[in-house]
Amino acid sequence: MSGLVWIASGAAVMCLWFLLPPAAITRLTPVIARTLPPWAESRVDGLPSKTRWMVGAGAGVGVAIVLWDLFPVVIPLAVGVVPAVWIALGKLEPSSARHRREVTLNVLPEALDLMGACLRAGQPLRTASITVGQAMGPPMGVLFNSVNHAISVGMSDEQAWKVLGDDPVLGEVARDIARCASWGTTTVEVLAHHSRALRRAAAQCRINRAKQVGVKSVLPLGLCYLPAFLLLGVVPVIAAGVAGFLS
């Protein structure tokens, strides 16, 4: 009877969490994030916090049901599973985020070169970011448009670029641009430096992938040649021996 009570209590907690309005969850998430240690922080582009809590709660209830014979040890174990799953899922990179990051890295040097050309032509920084945002398609255009929207609501160039300071791809570039806007220094050389560094990193990545092709192809090629080796090398020898023995 007590087991059913605990299971019902866990299900009630899950239902209460599901029924919470999104606004309440949005207000609670920054409070929880500020109290977390660095090793428990989640990725910026990771799964939503509510989804991770839902999966963690389901895992906790599942552990409680499967290991209920270990009562009362199973209760703290099930409770500990919930935040553990929440933290573990926060470290994972979704496939959509990985694809977006790869696409962004491929077009980022071109976007920086375009922005540098606009600045050399005499455009101010905010006008150059608008030009790049309009010229580049998603996802790069979306990132630049987020800066443009921040500027349109009254933020300075420094504050607007700091909006992208935590972005996994454009974060370092955005922080340098914000620093240049704060100090009043030229941004053209900074953009050119990042563009060259990104192109060198992309070229090195392609070289590393090309070097790995030979290693990764050993096992598939071995599996392809193994049947032919057995049929043409081993089977005739065995057949000849068996035929000689029988004759």
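So, here is what we can say about the structure in this document. From a predicted model like this one, the values you see are computed outputs, not experimental measurements.

## What about the environment of S156?
Following the sequence through the fold, S156 ends up in the loop between α7 (140-152) and α8 (157-162). Of the residues examined, S156 reaches a relative accessible area of 30% and is grouped as partly exposed. Expressed as a C-alpha distance, the spacing of S156 and R126, which sit 30 residues apart in the sequence, is 9.3 Å.

## A short note on the nonpolar core
One finds M115, F144, W161, L164, L170, I177 and L191 to be the most contacted residues of the largest nonpolar core, which totals 27 residues. If you list the elements that add at least two residues to this core, you get α5 (95-120), α6 (125-135), α7, α8, α9 (171-183) and α10 (188-216). Setting aside residues no more than four positions away along its own chain, W161 makes contact with M115, L125, S129, F144, V147, A174, I177 and A178.

## Description of the side chain of S195
Mapping S195 onto the fold places it in helix α10. Given a relative accessible area of 2%, S195 falls into the buried group. Of note is the side chain of S195, whose polar atom sits 2.9 Å from the side chain of D113. Beyond its immediate sequence surroundings of up to four residues, S195 is in contact with P109, L112 and D113.

## Here's the deal with a nonpolar patch on the surface
Taken together, the side chains of I65, V66, L67, L70, V73 and L77 present a nonpolar region at the surface, about 550 Å² in accessible area. Tracing the sequence through the fold places L67 in the loop between α3 (49-66) and α4 (74-91).

## Quick notes on unusual backbone geometry
Going from P138 to P139, the amide bond is cis rather than trans, its omega being 5°. Relative to the assigned elements, P139 resides in the loop between α6 and α7.

## Regarding the packing of α9 against α10
For the pair α9 and α10, interaxial distance at closest approach is 10 Å and the crossing angle is 165°. When the axis of α9 is compared with that of α10, the two are roughly antiparallel. Read as a crossing pair, α9 and α10 show a hand that is right-handed. Counting all contacts with α9, which are made through E172, V173, D176, I177 and C180, the residues of α10 involved are V190, L191 and H194. In terms of residue class, the contact of α9 with α10 is made up of five nonpolar, one polar and two charged.

Conventions adopted
- Residues numbered from 1 in each chain as written.
- Predicted model: local features only at pLDDT ≥ 70, side-chain atom pairs only at ≥ 80, totals over all residues.
- Heavy atoms only, no water.
- Helix = DSSP H or I, 4+ residues; strand = E, 2+ residues; numbered from the N terminus.
- Buried < 20%, exposed > 50% of the residue type's maximum accessible area, 1.4 Å probe, protein only.
- Core = buried A, V, L, I, M, F, W, Y, C linked by side-chain atoms within 4.5 Å.
- Contact = heavy atoms within 4.5 Å.
- Polar contact = N/O pair within 3.5 Å; in protein donor to acceptor, adjacent residues only side chain to side chain.
- Patch = residues over 30% accessible without salt bridge, like charges linked within 9 Å, V, L, I, M, F, W, Y side chains within 5 Å.
- Areas by Shrake-Rupley, 256 points an atom, 1.4 Å probe, with all protein chains shown as cover.
- Salt bridge = Lys/Arg side-chain N within 4 Å of Asp/Glu carboxyl O.
- Axes fitted to C-alpha atoms, helices over the stretch in contact; angles between N-to-C directions.
- Parallel < 35°, antiparallel > 145°, perpendicular 65-115°, else oblique.
- Left-handed = near helix turned anticlockwise from the far one by under 90°.
- Nonpolar A, V, L, I, M, F, W, Y, C, P; charged D, E, K, R; others polar.

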